[in-house]
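Residue-level structure breakdown
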Amino acid sequence: MKKIFFLSALCMLGILSSCRNDEPTVPSTNTPVTDGNPSTPGFYVLNEGQMGSNNSTLDFFDASTGIYSADIYAERNPTVIKELGDTGNDLKVYNGRLYAVMNGSHKVEIMTADSAKHIAEVDIPNGRYICFDGETAYVSSYVGASYGEGDIKGAVYRFNTKTLSVIDSVVVGYQPEELAIANGKLYVANSGGYRYNSGYDNTVSVIDLATFQKIKDITVDINLHRVKADNKDNLYVSSRGNYMDIAANLYVIDAQSDNVIDTLNIGATDICIVGDTAYTYSSEWSNETFGYTYTYHTIDLNTREVAEAQFITDGTTLVATYGMAVDPKTRQIYFTDAGDYVNSGSVYCFSPAGKLQWKADAGVSPGHIAFTE
Amino acid sequence: MRTTTILDMKKTRRVNLWLIGQFLFLCGAGVAPVAAQNRLDSLQHLQELTVTAHRKEAVIAPQKLSGETLSRLNSLSVADAIRFFSGVQLKDYGGIGGIKTINIRSMGSNQTGVFYDGIQLGNAQNGQIDLGKFSLDNLEEIAIYNGQKSEILQPARDYGTSGSVYLRSRRPRFDGAKKYNLRLTLKGGSFGLVNPSVLWEQKISRQVNSSFNAEYTHATGRYKFRYRRVLPDGSTAYDTTAVRQNGDVEALRLEGGFFGSTDRGDWTAKAYFYNAERGIPGPILNNVWRHGERQWDRNFFTQGSWQSPAGKRYRLLVNAKYAYDYTEYLRDDPREMYIHNHYRQQEGYLSAAHLLHLFPWWEVSLSTDLQWNYLDADLNDFVYPTRYTEMIAVATSFQWKRLHIQGSLLGTFIQEQTRLYNPSPHRDEYSPALFVNYRPLAQHDLQLRAFCKRAFRMPTFNDLYYTDIGNKYLKPEFTVQYDGGISYRKSWEQAFFNTFEITGDGYYNIVTDKIIAYPTGRQFRWSMLNLGRVEIRGCDLSVQTTALVGKVTIGLQGKYTYQKAQDFTDPDYKYYGDQIPYIPLHSGSVMAWGIWKAWSLQYSFIYTGERYSNSENTAANRLQPWYTSDLSLSRTFSIKKIACKASAEVNNLFNQHYDVIANYPMPGTNFKITLTIQL
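What counts, and at which threshold
- Residues numbered from 1 in each chain as written.
- Chains lettered and ligands numbered in written order.
- Predicted model: local features only at pLDDT ≥ 70, side-chain atom pairs only at ≥ 80, totals over all residues.
- Heavy atoms only, no water.
- Pairing = 2+ DSSP bridges.
- Helix = DSSP H or I, 4+ residues; strand = E, 2+ residues; numbered from the N terminus.
- Axes fitted to C-alpha atoms, helices over the stretch in contact; angles between N-to-C directions.
- Phe/Tyr/Trp six-rings, centres within 6.5 Å; stacked < 30°, edge-to-face > 60°.
- Buried < 20%, exposed > 50% of the residue type's maximum accessible area, 1.4 Å probe, protein only.
- Lys NZ or Arg CZ within 6 Å of the ring centre and 35° of its normal.
- Contact = heavy atoms within 4.5 Å.
- Buried area = accessible area lost by both parts, 1.4 Å probe.
- Salt bridge = Lys/Arg side-chain N within 4 Å of Asp/Glu carboxyl O.
- Polar contact = N/O pair within 3.5 Å; in protein donor to acceptor, adjacent residues only side chain to side chain.
- Nonpolar A, V, L, I, M, F, W, Y, C, P; charged D, E, K, R; others polar.
- Core = buried A, V, L, I, M, F, W, Y, C linked by side-chain atoms within 4.5 Å.
- Disulfide = S-S within 2.5 Å.

This next bit is on the sheet that holds strand β29 (residues 366–371) of chain A. Residues and elements named next belong to chain A. The strand order β1-β4-β3-β2-β29 describes an open sheet built from 5 strands, whose pairing is antiparallel. Pairing within the sheet leaves two strands with one partner each, and these edge strands are β1 (29–32) and β29. When the angles between neighbouring strand axes are averaged without regard to direction, this sheet yields 20°. Taken together, the 4 bridges between β1 and strand β4 (residues 67–70) define a ladder with antiparallel strand orientation. Paired with T29 across the bridge in β4 is A70.

Following this line, the structure appears as structure tokens:
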């Protein structure tokens, strides 16, 4: 009897034990989505993933072959422990390198721009957005140097892209978001997004690049998010409103006088500046339909004239538009769709006439596109 | 807006007053039949006793772990033991301090009721009962019921769950003329565990006993974990070992009670206090190996119960409880936003259940419960919600020969108040249930059983009111369950086999209006919605046998669970029809033990098949199966007539490194030694 017990137990063990294998590096999925066109640039897509899930991923669209490769980071950098990391929040290509701000992993990941090979990482806590000037990179962060109970202000950290060492940081407003450079100064949009009850932040902090000191705060509107510089020393700054009675808006700051010189009266979830045109889209959640409504605009940067636009004309519908990019050469428009924000999203390519060219499966919450140079 | 609130409040109050009146009336009505009982002659009385004793069982017997089997497990908490039940998944965030919640038949942990000594443990704030906080030290029995406990004399709340776990603490028992029992236990081992406890039971009078139990737990929570990836050619991509940080626990549990047994009924009165500080170890992410979150818990409850004696035509069961739960959460990590919040929850509960024995084959019962919940939190813009719940359940039970049927209908009436804004609308919900058990053969204990039940869970206070996330228009989340099963039990005196038992159940569950978080904007704007639909097709199998081989008693228990739990929320979703997160298709456990003289040896094995960490069943979301083997050896002996027991255990014998929840690594091989002295 003992034998039978023993045997059956062993048998069960044997059957079950065969199931666990060595954990393999997750391979990329490569899907041809369109015909190759060597004259247009390819791009990387940063999928934010879910906070605390370590599932931020990187995709690459190779324009010359028309192949969309999802989740390439682990395959190209199999030795990096715990892969790309948690909650990517910004992606830029600068001087032959690809920079990903990994908010949840508290670092900036630096890769080669041509093959997304890991070069180094720079520890920056709670990073949000990145921009560059010469050899220096500037990263906005929700946490500043001072720390303790109560509200804390955010900061801008700077590091040297050659030595890859953090030089220092300067305290700005609450929960700073995007930053941009114009007229030798750095402009940071402060949101105060965690302080929605005590009032959002409503300022753009201005930092002198030469001294790396904050010069002033420009009062604009509550809950600021985007700031983009054109080539005329003007900055386009978006406010998200309070999602209730105060609507989203878009403002123009003159980098010479540091005054707000224009109010454009449109919402702008994202802004892409190409040549003399700014492309914007705005998404607004409705508690009645439990869905988003989208509006699209173009802005003539010479006249600051706003025109309503149709970036999608063929009836294609996205579940939750999460990011936008405009190809500087072809003026094709790319939208990312986050779907339910928990599972994989998609990337859509539209012709300048608004017709769907192709669509590809991306990672979780695709939100940021960076073109190869 | 303000006027409406006041009007609503008035209405609520009127409803409550009416119910309290009703409740008192029903309590009072119980007195008369008690007196009438005494006229029954002794013979009738005797007959009735046997019948009642038989009927006391639930229509469908639960899965149970009790007595020696439970103590042999050498587990530290209820969560460790619960893994040996079929149909159950444990969400385990790892280590001694990590949260552990139970999910019965894939319907979600919020659909599961956990009862401690007959009264449900509440958490109106988030609906989570962390089973890791409940020590096995003083527990006598853990029972799991699918659907509900199909007994008839029980509070209305017991009819309201989709599945329930009943924890029963030890009641004092005295051998012969002994006036007291004193038990001292000391456990120690891996994770820096030091865990002393004392149990003191005293006979106060012929009718009253008391029990006092204290337990202290200290653990550093440190353990090694390993993450490894391989390249397609089999060579190592990375292989890293680190030590789990910030998983320390320090906890004190005090529990005491009085137990009375008189001719006119049995009563208990007890108090429970738990005070703990713990680190929240958090997920292991790229570049993040330590988090700075900490939590303080203080749980206090006192409860009482009175039950009229068995065998009477009319019986009454009264329960009352007051609970106060304090939670302090601190995120003190220079890399994150600073958060420091305090939550205080209170619950008041009163229940009266009446049973009327109409004929030997027919019983009816009526249960009325009142419950009050309040949550206080220092969040901005917090609404301070209060919830009043009235529950009325009618149940009836028939027993013709070998057929046993129970039907019940529970009405739940909920009103809420908030100090700010408008509260969630009133809810009136009805939960019907039908349980059938048939023994086709007179000579054999073969049982065919089936049940169907519709139940719901209320959205939690967090779901409804959490600043900026809550959605007060949320509806309850519903479950419908169909179950059919068979069980066969045989025991032999004097034979090689002592007992043999086999059970099998097939079921189909549907969860509708599943409450899920859905993002409603770009930043911090998630909201709770009634969006999901899940269908679960499953089967639970269990085999149990004991045998006597020479002087060795051998026991073997095997459990197997198959669950196809699919998401059918929206055909347009990429994951339509996919297996829901963290539910394995196959899972099971094996337990084998041998007892020889004073020695006992136990081997246990737990298997959980592959799962997905997200709704989409893709390779990136796939989690490897895991299986662990635990071994324990114990011996009883006596020193100068003092009974002692020593045991040693090795858990995760083969040092498997696995995650139950993605990015929350579990411990490898670990050890524990236990010494018990009984005076």
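This brings us to the packing of aromatic side chains. Enumeration over the complete set of coordinates arrives at 48 aromatic pairs over all chains. Between B:F382 and B:Y384, the aromatic rings sit 5.3 Å apart at their centres with planes inclined by 85°, giving edge-to-face as the arrangement. Here B:F382 falls in the buried class, since its relative accessible area comes to 4%. One aromatic cluster is present, formed by A:Y279, A:Y281, A:Y296, A:F311, A:F335, A:Y348 and A:F350 through successive ring pairs. Note that A:K82 overlies the ring of B:Y227, its terminal NZ or CZ placed 3.7 Å from the centroid. A cation over an aromatic ring shows up here: B:K321 above the ring of B:F301, its NZ or CZ 4.3 Å from the ring centre.

What follows deals with the interface of chain A and chain B. With 77 residues of chain A at the contact, the number on the chain B side is 63 residues. Buried surface at the junction of chain A and chain B, both sides included, amounts to about 6,200 Å², of which 56% is carbon and sulfur. A:D361 is the partner of B:K574 in a salt bridge, and the nearest nitrogen-oxygen pair spans 3.4 Å. One can count 29 residue pairs in polar contact (both at pLDDT 80 or more) joining chain A with chain B. Only α1 (2–17), β8 (118–123), β17 (224–229), β22 (277–286) and β27 (344–350) of chain A provide two or more residues apiece to the side of chain A that touches chain B. Considering every element that reaches the side of chain A that touches chain B, the biggest residue donor is α1(A), with 7 residues. Here the residues of the side of chain A that touches chain B are counted per class, giving 28 nonpolar, 31 polar and 18 charged.

Right, let's talk about the nonpolar core for a bit. Membership of the largest hydrophobic core comes to 54 residues, with the highest contact counts inside it found for B:V78, B:I82, B:I142, B:V165 and B:L167. With 4 residues, the single largest contributor to this core is helix α5 (residues 78–82) of chain B. Once residues within four sequence positions are removed from consideration, B:V165 is found in contact with B:I82, B:I102, B:I104, B:T112, B:G113, B:V114, B:F115, B:I142, B:A143 and B:I144. Formed by 17 residues, the second largest nonpolar core is a distinct cluster that contains A:L58, A:Y73, A:M102 and A:A116.

Right, let's talk about the pattern of salt bridges for a bit. Within the structure shown, the criterion is met by 52 salt bridges over all chains. Put simply, A:K185 and A:D258 hold a salt bridge, and the shortest N to O gap is 3.1 Å. Residue A:K185 is found in strand β14 (residues 185–190), and its partner A:D258 is found in the loop between β19 (249–254) and β20 (259–263); the two are separated by 73 residues along the sequence. Note that B:E140 and B:R173 form a salt bridge whose closest N and O atoms lie 2.8 Å from each other. Residue B:E140 is found in strand β6 (residues 139–146), and its partner B:R173 is found in the loop between β7 (163–169) and β8 (180–189); the two are separated by 33 residues along the sequence.

Turning our attention to the sheet that holds strand β12 (residues 166–171) of chain A. All names here are of chain A. Taken together, the 4 strands give an open sheet; going across it, the order is β9-β10-β11-β12, and neighbouring strands pair in antiparallel fashion. In this open sheet, the two edge strands, each paired with only one partner strand, are β9 (127–133) and β12. Averaged over all neighbouring strand pairs, the angle between strand axes comes to 20°, with direction disregarded. Where strand β10 (residues 136–141) meets strand β11 (residues 155–160), 6 bridges bridge the pair, whose relative direction is antiparallel. The residue bridging A137 from the neighbouring strand is F159, located in β11.

Residue and element names in this part refer to chain A. Unusually for a residue other than glycine, N54 sits at a positive phi of about 55°. Phi at R331 is positive, roughly 60°, even though this residue is not glycine. With respect to the helices and strands, the residue R331 is situated in the loop between β25 (321–326) and β26 (333–337).

So, about the side chain of B:T161. All names here are of chain B. The residue T161 is located in the loop between β6 and β7 in this model. Residue T161 is classed as buried on the basis of its relative accessible area of 5%. Not counting residues within four places of it along the chain, the set of residues in contact with T161 comprises Q111, G113, F115, Q120, G147, K453 and A455.

Residue and element names in this part refer to chain A. Throughout the structure, instances matching the rule amount to 0 disulfides over all chains. Summary of cysteine pairing: C131 is not part of a disulfide, and the nearest cysteine sulfur, belonging to C272, is at 16 Å. Among the residues examined, C131 registers a relative accessible area of 9% and is labelled buried. Cysteine C349 shares no disulfide, and the gap to the nearest cysteine sulfur, in C272, comes to 13 Å.

Before going further, it helps to spend a moment on the environment of B:D578. Residues and elements named next belong to chain B. Within the element layout of this structure, D578 appears in the loop between β26 (552–567) and β27 (586–596). The buried category is assigned to D578, whose relative accessible area is 19%. Considering only alpha carbons, one finds D578 and K564, 14 residues apart in sequence, at a separation of 9.1 Å. Those residues in contact with D578, other than ones at most four positions away along the chain, are A565, Q566, D567, S615, E616 and N617.

In this section: the side chain of A:S205. All names here are of chain A. Mapped onto the secondary structure, S205 falls in strand β15 (residues 203–208). Judged by relative accessible area, S205 falls into the buried class, the value being 0%. Looking at S205, its side chain comes within polar contact range of the side chain of N190, at 2.9 Å. In contact with S205, other than residues within four places in its own chain, are V172, G173, L186, Y187, V188, N190, K214, K216 and D217.

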